[in-house]
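An overview of the molecular structure
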Amino acid sequence: MKTDPYAWIEESLATIHRANWYRSVQTIEGRPGATVLLGGQEVINFASNDYLGLAGNEHVIAAAIAAIQEFGTGSTGSRLLSGHRELHRELEEAIASTKQTEDAVVFSSGYLANLGAITALTGKRDLILSDQYNHSSLKNGSILSGAAIVEYPHCDVAALKTQLNQQRQNYRRCLILTDSIFSMDGDLCPLPALLDLADEFDCMLLVDEAHATGVLGKTGAGCVEYFGCTGRQLIQIGTLSKALASLGGYVAGSATLIDFLRNRAPSWIYTTALSPADTAAALAAIKIMQQEPQRRTQLWSNIDYLKKLLQQLPNFKLLPSESPILCFQLASAADALQVGKQLRQAGIFAPAIRPPTVPTSRVRISLMATHESSHIEKLVQTLNSIYIDTTF
Ligand SMILES: *Cc1c(COP(=O)(O)O)cnc(C)c1O
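The shown structure was predicted, so the numbers you read here are calculated from the model rather than taken from an experiment.

Per the domain assignment, the segments making up the protein are domain 1 (20-49 + 293-385) and domain 2 (58-291). Domain 1 puts 22 residues into the contact, and the matching count from domain 2 is 25 residues. Summed over both sides, the interface between domain 1 and domain 2 buries roughly 1700 Å², with carbon and sulfur atoms accounting for 53% of that surface. Considering only the surface of domain 1 that becomes buried against domain 2, Asn 49, Arg 296 and Glu 322 emerge as the three largest contributors, covering 35% of it. Linking domain 1 with domain 2 are two salt bridges. For the salt bridge of Arg 362 with Asp 185, the shortest nitrogen-to-oxygen distance reads 2.8 Å. Our count for the domain 1 to domain 2 interface comes out at 12 residue pairs in polar contact (both at pLDDT 80 or more). Of all the secondary structure elements, the ones that give two or more residues to the side of domain 1 that touches domain 2 are α13 (294-310), β11 (325-329) and β14 (362-366). In terms of residue count, α13 provides more of the side of domain 1 that touches domain 2 than any other element does, five residues in total.

Here is the structure:
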């Protein structure tokens, strides 16, 4: 009997449904902000990575429109062919100046920046040591590179050192990979200790500042600045799509590194250059980030306020966090979905995050500079009432 070679897809989808792992998109209407229209209902938005509230900002929007007027909608080619504009260079110089690195290069997304950098820097004879909670782009970049991959327990410097002692001498080059703020947990990597280990064992270190850029450090340069490690040799990756309110990614580091990536990173060489609108929006957002530090101050005072109010709800298990990302751990994917649903009924948008994205189910809150105290109070009141009529 002839079988349908595609039948397994439906069966696999049914398994995903049964495990409560099924995902679908939700439609947001209008501009992004601290409140948004979701399915026609106005909800308080705790699901956005727009930490400084710039994705709906008038100046950023105006910059994108002006760039489209001047340069058109598409960049029409890869950077090395017909896609390069002066605007790209201005953006790269602004990133390098923020990060205080010699140079930077922008990619079409943060995901592509990680794939490109990791595959250019490592190959079959090399070793990658990767935090077990690293972002998907770091994990898939590692696989694509062909290097040997060893995951170390989350933020465990002692375990990493043991692995370096055991394995380093068997490989040509070694690259340590870590998120700076972990995207689904909200905690922070032990950067100074990782830098010391990289020095001691002759390794490269790549830190992904996707959630820390604009958020951490005096000028918003990220965890490297926060830890006082500016100027030390390392590879900094980030995205233009979170606090920087646009779309795209970057690598910042030494001039030699960036020059090498422009010649060897396939996800930079063989893809179309960032569009004029995205480039101009990111550039405008960086300027606002530099000129309006009060946005970051407000973000951190929102974080402190939420943490303070949450102390009144000791039964919610908050995962360790040093960022605008705050997660409540829940016993199962079904519980996480249930809490997410109840929050939504109360007019609060905070997603349930489930395996396989994370090892344990949780509800994830992300704060923005533009949240008002009443938004934060409503969240805590609602969580409080949910706790009363459910058992975790
Ligand atoms: C979001 C994110 C990325 C991907 O960035 P995009 O620009 O959205 O592709 C990479 N790394 C981490 C840690 C992220 O959170």
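Before going further, it helps to examine helix α1 (residues 7-18). For α1, spanning 12 residues, the distance from its first C-alpha to its last is 17 Å, which sits close to the expected 16 Å at 1.5 Å a residue. Phi for Asn 20, located one or two positions after α1, is positive at around 60°.

A few words on the pairing of β14. Summarising burial for β14: five of the five residues are buried, a large majority. With burial as the criterion, each face of β14 is covered, one bearing Arg 362, Arg 364 and Ser 366 and the other bearing Val 363 and Ile 365. Summarising the sheet, strand β13 (residues 352-353) and β14 pair through two bridges and their orientation is antiparallel. Bridge pairing links Ala 352 to Val 363 in β14.

As a further point, take the site of the ligand. Taken together, 15 residues lie near the ligand, and Gly 110, Asp 208, His 211, Thr 239 and Lys 242 sit nearest. Contact distances for the ligand include 2.5 Å between a nitrogen atom and a side-chain N or O atom of Asp 208. Here an oxygen atom of the ligand and a side-chain polar atom of His 211 are 2.7 Å apart. For the ligand, the protein covers 86% of the area, taking 380 Å² as the surface of the free molecule. It is helix α5 (residues 110-121) that contributes the most residues to the shell around the ligand, three residues altogether. Per-class residue counts for the shell around the ligand are two nonpolar, 10 polar and three charged.

A cis geometry characterises the amide bond from Pro 355 onward to Pro 356, with omega recorded as 5°. Counting through the fold element by element, Pro 356 comes out in the loop between β13 and β14. The backbone of Ala 245 sits at a positive phi, close to 65°, despite the residue not being glycine. Ala 245 sits in the buried class, given a relative accessible area of 16%.

Let us look at the packing of α5 against helix α6 (residues 136-145). Between α5 and α6, the shortest axis-to-axis distance is 8 Å and the interhelical angle comes to 35°. Like other packed secondary-structure pairs, α5 and α6 cross with a definite hand, here right-handed. Contact with α5, carried on its side by Tyr 111, Asn 114, Leu 115, Ile 118 and Thr 119, involves Ser 136, Ser 137, Leu 138, Asn 140, Gly 141, Ser 142, Leu 144 and Ser 145 of α6 and no other residues of that element.

Using a probe with the size of a water molecule, rolled over the atoms, empty space left in the structure can be pinpointed. Going through the model one piece at a time under the given rule, you end up with two cavities of 30 Å³ or more. Size it by volume and the largest cavity reaches roughly 60 Å³. Lining the largest cavity are Arg 79, Val 106, Phe 107, Ser 108, Ser 267, Trp 268, Thr 271, Thr 272, Ala 273 and Leu 274. For the lining of the largest cavity, the secondary-structure elements that each account for two or more residues are β4 (103-107) and α11 (266-269). Broken down by class, the residue content of the lining of the largest cavity amounts to five nonpolar, four polar and one charged. Taken together, Ile 95, Thr 98, Lys 99, Thr 213, Leu 244, Tyr 250, Ile 286 and Met 289 form the lining of the second largest cavity. Across the lining of the second largest cavity, the residue classes tally to five nonpolar, two polar and one charged.

Reading the values: the criteria
Counting restarts for each chain, with residues numbered from 1 along the sequence as it is written. The predicted nature of this model means local features are confined to residues of pLDDT at least 70 and side-chain atom pairs, given and counted, to a pLDDT of 80 or more, with totals for whole chains, interfaces and linings taken over all residues. Computation of side-chain values covers all heavy atoms of the structure but excludes hydrogens and water. A domain assignment, automatic or from a database, supplies the domain bounds used here. Pairs of residues are marked as contacts when any of their non-hydrogen atoms sit within 4.5 Å. As used here, buried area is the combined drop in accessible area, with a 1.4 Å probe, of two parts when they are placed together. Every case where a carboxyl oxygen of Asp or Glu lies within 4 Å of a side-chain nitrogen of Lys or Arg is listed as a salt bridge. A 3.5 Å cut-off defines polar contacts: any pair of N or O atoms within that distance qualifies, except that in protein one atom must be a possible hydrogen donor and the other a possible acceptor, and neighbouring residues in sequence count only when both atoms are side-chain atoms. Strands here mean DSSP runs of E at least two residues long; helices mean DSSP runs of H or I at least four residues long; both are numbered from the N terminus. To estimate how far a helix should extend, the number of its residues minus one is multiplied by 1.5 Å. A 1.4 Å probe rolled over the protein chains alone gives each residue an accessible area, and that area as a share of the maximum for its type sets the label: buried under 20%, exposed over 50%, partly exposed in between. Here, strands pair whenever DSSP counts at least two bridges between them. Here a residue is near a molecule or strand as soon as one of its heavy atoms is found within 4 Å of it. Calculation of accessible area relied on Shrake-Rupley with a 1.4 Å probe; when residues are assessed, cover is drawn exclusively from the protein chains displayed. Side-chain classes follow a simple rule in which Ala, Val, Leu, Ile, Met, Phe, Trp, Tyr, Cys and Pro form the nonpolar group, Asp, Glu, Lys and Arg form the charged group, and the remainder, Gly included, forms the polar group. A fitted line through C-alpha atoms serves as each axis, taken over the contacting stretch for helices, and the angle formed by two N-to-C directions is quoted from 0 to 180°. Should the near helix be turned anticlockwise from the far one by less than a right angle, the crossing is left-handed, and should it be turned clockwise, the crossing is right-handed. Lining residues are those with an atom within 4 Å of a point, where the points come from a 1 Å grid over the protein atoms alone and group into cavities, where a 1.4 Å probe fits but cannot get out, or pockets, open sets with protein on both sides within 12 Å along at least five of seven lines. Grid points are joined across faces, edges and corners, and a volume is the space filled by probe spheres set on the points.

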